[in-house]
Amino acid sequence: MGFLEERFEDNIVTAKVDQLLSWARSTSAWYFQFGLACCAIEMMATAASRHDLERIGMMPRSSPRQADVMIVAGTVTLKMATRVKKLYDQMAEPKYVISMGSCANSGGPYSRAGYHVLKGVDQVIPVDVYIPGCPPRPESLIEGLLKLQEKIRHERPLTKKK
Amino acid sequence: MYKDFGTIFLFVIIGAVLLTVALLLSKILSPSKPSTNKLDTYECGEEAEGSAWVQFNIRYYVIALIFIIFDVEVLFLFPWAVVYKSLGWLAFIEMAIFLVILIFGLIYVWKKGDLDWVKYKVKYGRGRYQKLSGKEV
């Protein structure tokens, strides 16, 4: 735990500082460039000029050390699941996960007969936002990212947990 | 003159203060939850194995150098060959000079024996390579 994190009583000052901090965190949530399958193509399209993720403050990082959001874009095979877990562990706090597409949500088309596919990435890492679709269009990815920003904005980083 | 150094001194002080403040702020504000996995080396999700201090054979270096020289040669040859007819004799002579320079390099490398992985000829065979040179010194 850091020096100031979750150490203050709930009052007007911490509420305002919390607001500032979580606003800053939500509007500069850099995501981990991490494509597993065809959803990654949609993720790239979302980052490219037409949909332009940088206008909501999100830009791709190639290292988990610099990333705040992990977008699990695609089919998580059992072999990849251990790597996904390790990469999630190596991200710096605070960290968030978006499960993008049916495969990452529940196994998708492989949910019954896929002998090698993890049935939902939430079995190995905690997921904040699920995005349905196979693959989701860039609009729905942006919708999910805005929902995540909303979630981050309601956090209280400095206030003690009840 | 001393006034100019004063500016530099001021610059150094401001730089140090800014750096200290930025590092302190991030130290105070950032959450810190170290774990074994997090402090591990980042290897694209793989388990890091062994030490980073591995030794390569130094001969790979020469081979990489030779490769790059002739790689670039081919790179220049292709566009030259495409417009060869419209360029005329001057371009032909220039390219010939370029090739001759590189061929001299190739001859040098060949003579040195760097094209062979296992070197049979050891020019200055003394000490532990003495037996390889094939002659008594």
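Because the structure is a prediction, the values reported are computed rather than measured.

Cut-offs and rules
Residues numbered from 1 in each chain as written. Chains lettered and ligands numbered in written order. Predicted model: local features only at pLDDT ≥ 70, side-chain atom pairs only at ≥ 80, totals over all residues. Heavy atoms only, no water. Core = buried A, V, L, I, M, F, W, Y, C linked by side-chain atoms within 4.5 Å. Buried < 20%, exposed > 50% of the residue type's maximum accessible area, 1.4 Å probe, protein only. Helix = DSSP H or I, 4+ residues; strand = E, 2+ residues; numbered from the N terminus. Contact = heavy atoms within 4.5 Å. 1 Å grid on protein atoms, 1.4 Å probe; cavity = no way out; pocket = protein on both sides within 12 Å on 5 of 7 lines; lining within 4 Å. Points joined across faces, edges and corners; volume = space filled by probe spheres on them. Nonpolar A, V, L, I, M, F, W, Y, C, P; charged D, E, K, R; others polar. Expected span 1.5 Å × (residues − 1). Pairing = 2+ DSSP bridges. Axes fitted to C-alpha atoms, helices over the stretch in contact; angles between N-to-C directions. Right-handed = clockwise from strand over helix to strand, strands pointing away. Buried area = accessible area lost by both parts, 1.4 Å probe. Salt bridge = Lys/Arg side-chain N within 4 Å of Asp/Glu carboxyl O. Polar contact = N/O pair within 3.5 Å; in protein donor to acceptor, adjacent residues only side chain to side chain. Patch = residues over 30% accessible without salt bridge, like charges linked within 9 Å, V, L, I, M, F, W, Y side chains within 5 Å. Areas by Shrake-Rupley, 256 points an atom, 1.4 Å probe, with all protein chains shown as cover. pLDDT = per-residue confidence, 0-100. Phe/Tyr/Trp six-rings, centres within 6.5 Å; stacked < 30°, edge-to-face > 60°.

(A) Structural context of the nonpolar core. Residue and element names in this part refer to chain A. Within the largest apolar cluster, 20 residues are counted, with the highest numbers of intra-cluster contacts made by Met 58, Val 69, Ile 71, Ile 98 and Leu 145. At the level of secondary structure, the elements contributing two or more residues to this core comprise α2 (39–47), β3 (69–73), β4 (96–100), β5 (129–131) and α5 (138–153). Each residue touching Leu 145, except ones within four places of it in the same chain, is listed here: Leu 53, Ile 56, Met 58, Ile 71 and Ile 98.

(B) View of the layout of surface pockets. Residues and elements named next belong to chain A. Space inside the second largest pocket adds up to approximately 310 Å³. Lining of the second largest pocket is provided by 17 residues; of these, Arg 25, Pro 94, Tyr 96, Glu 155 and Lys 161 occupy positions nearest its centre. Looking at the lining of the second largest pocket, its residues break down into six nonpolar, no polar and 11 charged.

(C) Spatial organisation of empty space enclosed by the protein. One pass over the structure, following the stated rule, counts one cavity of 30 Å³ or more. In this model, the largest cavity occupies a volume close to 40 Å³. Here the lining of the largest cavity is composed, by residue class, of three nonpolar, no polar and three charged.

(D) Quick look at helix α3 (residues 78–90) of chain A. Counted at 1.5 Å a residue, the expected span for α3 of chain A with its 13 residues is 18 Å, and the 19 Å between its end C-alpha atoms agrees. By the burial criterion, the buried members of α3 of chain A are Ala 81, Val 84, Lys 86, Leu 87, Tyr 88, Asp 89 and Gln 90 of chain A. Considering only its buried residues, α3 of chain A is in contact with β1 (31–32), β3 and β4 of chain A together with α2 (36–39) of chain B.

(E) Examining the sheet that holds β1 of chain A more closely. Residues and elements named next belong to chain A. Pairing within the open sheet is parallel, and its five strands lie in the order β2-β1-β3-β4-β5. Edge positions in the sheet fall to β2 (60–61) and β5, since each of these pairs with one other strand and no more. Examined bridge by bridge, β1 and β2 share two bridges and lie parallel to one another. Paired with Phe 32 across the strands is Arg 61, a residue of β2. Against the sheet, α2 makes contact with β1, β3 and β4, and its axis sits at roughly 135° relative to β3, the strand it touches most.

(F) Quick look at the pairing of β3 of chain A. Residue and element names in this part refer to chain A. In terms of burial, β3 is largely enclosed, as five of its five residues are buried. Of the two faces of β3, the one carrying Val 69, Ile 71 and Ala 73 and the one carrying Met 70 and Val 72 are both buried. Where β1 meets β3, two bridges bridge the pair, whose relative direction is parallel. Considered in β3, the bridge of Tyr 31 is made with Val 69. Where β3 meets β4, five bridges bridge the pair, whose relative direction is parallel. Pairing of Val 72 across the sheet is with Ser 99, part of β4. The handedness of the β3 to β4 crossover, carried by α3, is right-handed.

(G) Region of the structure containing the interface of chain B and chain A. Listed by partner, the interface residues are 16 residues for chain B and 22 residues for chain A. With both chains or domains summed, chain B and chain A bury close to 1,700 Å², and 51% of this area falls on carbon and sulfur atoms. Contact with chain A buries area across many residues of chain B, yet Pro 31, Lys 38 and Tyr 42 of chain B alone supply 37% of it, more than any other trio. The interface formed by chain B and chain A holds four salt bridges in total. We note a salt bridge from Arg 83 of chain A to Glu 46 of chain B, for which the minimum N-O separation is 2.9 Å. Linking chain B with chain A are nine residue pairs in polar contact (both at pLDDT 80 or more). Those elements that provide at least two residues to the side of chain B that touches chain A are α1 (2–29) and α2 of chain B.

(H) Summary view of a nonpolar patch on the surface. Taken together, Phe 3 of chain A together with Phe 9, Ile 13, Val 17, Val 21, Leu 24, Leu 25, Ile 28 and Leu 29 of chain B make up a surface patch of nonpolar side chains, about 820 Å² in accessible area. Note that Phe 9 of chain B resides in helix α1. Relative accessible area serves as the criterion here: at 56%, Phe 9 of chain B is assigned to the exposed category.

(I) Quick peek at the confidence of the model for chain B. Here chain B averages 84 in pLDDT, and 86% of its residues register 70 or above. Both scores are given for the predicted complex: the pTM is 0.70, the ipTM 0.73.

(J) Representation of the packing of aromatic side chains in the model. Applying the stated criterion across every chain yields a total of five aromatic pairs over all chains. Pairing Phe 32 of chain A with Phe 34 of chain A gives two aromatic rings, centres 5.4 Å apart and planes at 5°, and the pair type is stacked. Classification of Phe 32 of chain A by relative accessible area gives buried; the value is 2%. With a centroid separation of 5.5 Å and an interplanar angle of 85°, the aromatic rings of Trp 89 of chain B and Phe 92 of chain B are classed as edge-to-face.

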